[in-house]
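As a plain string of letters, each chain reads:
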Amino acid sequence: MKMLIKFLSDEPILNVLSPVYLKPEETVFIGKQGAEYEREAARLGVLLRALGAPGSVRYIPVDVYDTERLIRELETLHMACHDCLVDVSGSNNAVIFAAGAFCRAMAVPTMTFDPDEACFRNISGAQQLEAVRPKECFTVDKVLRIAGGSMSQHGHVSTEALKGPLGKCVPGVWDIFRRYRREWSGHVSWLQRVSAPVLDEAGREKPDTLEVDAEEVFTAADGKRYQANPAILRGLAACGAIEELRIADGRVAFRFPSALMRGCLKDPGIWLELYTCQTAMNAGFFDDVQVSVVVDWDGRDEANNLINEIDVTATRGLRPLFISCKIGTLNPSYINEIYVLCERFGGCMAQAAIVTMSTPRRDAPALMKRAESLGVAIIDRDDIEKGRLEALLKGMV
């Protein structure tokens, strides 16, 4: 095919599917007027080449509600190249009306993409594309770049770290967390007080500061009482999360196997995130799974850019899944946050979810209705305790 005419939409993934699948000699984007839209088309031109669509890219700015102007632009393009196809995926009603009138009059093939079934649909004259499912498997990084962002780095933990010693400890620590969920916060508070790294005069951590030797119970200068939990500590030692544990004469001593493990054990909420990510990784179902993804909204990794961290992100084929992990009680801001991130970086192809150790189905039905109205799936403690996490994650995409 020589020319693909694609109306630029607000749906990032729909903007690239037909150019990547059809690989036309030229893709002509038609979209709104304004410098920001022209910059977006130029960015898509670079991105499409990186995604394997080597053809040239051109942008035509128009008033997308001026149907007569839209039809004139389509007629001009058709006069220049009869071997063309029009894609109206993600377009507004005015665009669809104009394209339909033009394509019907000129017998130009027209198609769209069905997000629900993840396949192309023939509108007129493109029967060869009916029900065709693109076989592209997007990584998390590709999904973010398609939407104009970037995966600048990982936050607390990288996905690679879960393939090493830390990952081997996740099931054991998670089991301890579940059994001692109510006592976990107090245990972490004690651990945070007794395991602060020792720094030298230059602010660098001194070597051999992974050891802890502290009182089992003590009162800090602010009058707050801190107490170790021997049962939790013995469980952590049994699964390899801490080493050389000794509890005697009112004192506790042990060693962290790594600074990474120390950081994770001092973070009260990270183990739900790690367990969710590892569950998705071990499912053998997703094409890509990433933990603690720091997202740069503008994709330029500059100092003042807007960034967010997404706890777990996974992809299956064309569909991304954005997951927020919360060990505490849900509130509306958590739902709104993951919804906004999902809309911005995945659009209609994506699913937002929250995995929580609270029980909103029983305790907050109004909050569940709010999540349902936004399309945000909730996996709660009851689901996790009954072993449904993997099946529910897979069912979302």
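Asks: Would you mind showing me how to read the nonpolar core here?
Replies: Soluble, globular proteins show a tendency: their nonpolar side chains are buried together. The biggest cluster of nonpolar side chains holds 57 residues, and the ones touching the most others in it are Trp190, Leu265, Trp271 and Leu274. Examining the composition of this core, we find that seven residues originate from one element, helix α6 (residues 165-179), more than from any other. Setting aside residues no more than four positions away along its own chain, Trp190 makes contact with Ala214, Glu215, Glu216, Phe218, Tyr226, Gln227, Ala228, Leu233, Val252 and Phe254.

Asks: Can you walk me through the packing of helix α11 (residues 332-345) against helix α13 (residues 365-374) in this structure?
Replies: To characterise two packed helices, one gives the angle between the axes of the helices and the distance between these axes. Direction vectors running N to C along α11 and α13 enclose 10 degrees, while the axes themselves pass 10 Å from each other. In terms of their interaxial angle, α11 and α13 are classed as roughly parallel. In this structure, α11 uses Pro332, Ile335, Asn336 and Tyr339 to contact α13, whose residues at the interface are Leu367, Arg370, Ala371 and Leu374. Of the residues assigned to the contact of α11 with α13, the class counts are six nonpolar, one polar and one charged.

Asks: Where do I start with the pairing of strand β6 (residues 119-124) in this structure?
Replies: Remark: a regular strand shows side chains that alternate across the two faces of the sheet. Relative to β6, strand β5 (residues 110-114) is paired through five bridges, and the arrangement is antiparallel. Its bridge partner lying in β6, Met111 is registered against Asn122. In this antiparallel pair of consecutive strands, β5 and β6, the connection spans four residues, and Ala118 shows a positive phi of 55 degrees.

Asks: What am I meant to see in helix α4 (residues 93-106) here?
Replies: An α-helical turn contains 3.6 residues, so a residue and the one three or four places further along point in the same direction. Along its 14 residues, α4 runs 20 Å from first to last C-alpha, staying within 8% of the 20 Å computed at 1.5 Å per residue. The set of residues buried in α4 consists of Ala94, Val95, Ala98, Ala99, Phe102 and Cys103. The buried side chains of α4 occupy one side of the element, clustering within an arc of 150 degrees when seen end-on. Turned more than 90 degrees off the buried face of α4, the exposed positions are Asn93, Phe97, Arg104 and Ala105. Measuring from the backbone nitrogen of Ala94 back to the side-chain oxygen at the start of α4 gives 3.0 Å, which picks out Asn92 as the cap.

Asks: Sorry if this is basic, but what is going on with the packing of helix α7 (residues 181-194) against helix α8 (residues 230-238) here?
Replies: Viewed as axis vectors pointing N to C, α7 and α8 meet at an angle of 80 degrees, and their least axial separation amounts to 10 Å. Here α7 is positioned roughly perpendicular relative to α8, judged by the angle of their axes. Packed against α7, whose contacting residues are Glu183, Trp184, His187 and Trp190, the element α8 presents Ile232, Leu233 and Leu236 at the interface. Per-class residue counts for the contact of α7 with α8 are five nonpolar, one polar and one charged.

Asks: Explanation requested: unusual backbone geometry in the structure shown.
Replies: A negative phi angle is the norm for most residues apart from glycine, just as the trans form is the norm for most peptide bonds. Even without being glycine, Ala118 reaches a positive phi, approximately 55 degrees. Tracing the chain through its elements places Ala118 in the loop between β5 and β6.

Reading guide: rules and limits
- Residues numbered from 1 in each chain as written.
- Predicted model: local features only at pLDDT ≥ 70, side-chain atom pairs only at ≥ 80, totals over all residues.
- Heavy atoms only, no water.
- Core = buried A, V, L, I, M, F, W, Y, C linked by side-chain atoms within 4.5 Å.
- Buried < 20%, exposed > 50% of the residue type's maximum accessible area, 1.4 Å probe, protein only.
- Helix = DSSP H or I, 4+ residues; strand = E, 2+ residues; numbered from the N terminus.
- Contact = heavy atoms within 4.5 Å.
- Axes fitted to C-alpha atoms, helices over the stretch in contact; angles between N-to-C directions.
- Parallel < 35°, antiparallel > 145°, perpendicular 65-115°, else oblique.
- Nonpolar A, V, L, I, M, F, W, Y, C, P; charged D, E, K, R; others polar.
- Pairing = 2+ DSSP bridges.
- Expected span 1.5 Å × (residues − 1).
- Arc of directions from axis to C-beta.
- Polar contact = N/O pair within 3.5 Å; in protein donor to acceptor, adjacent residues only side chain to side chain.

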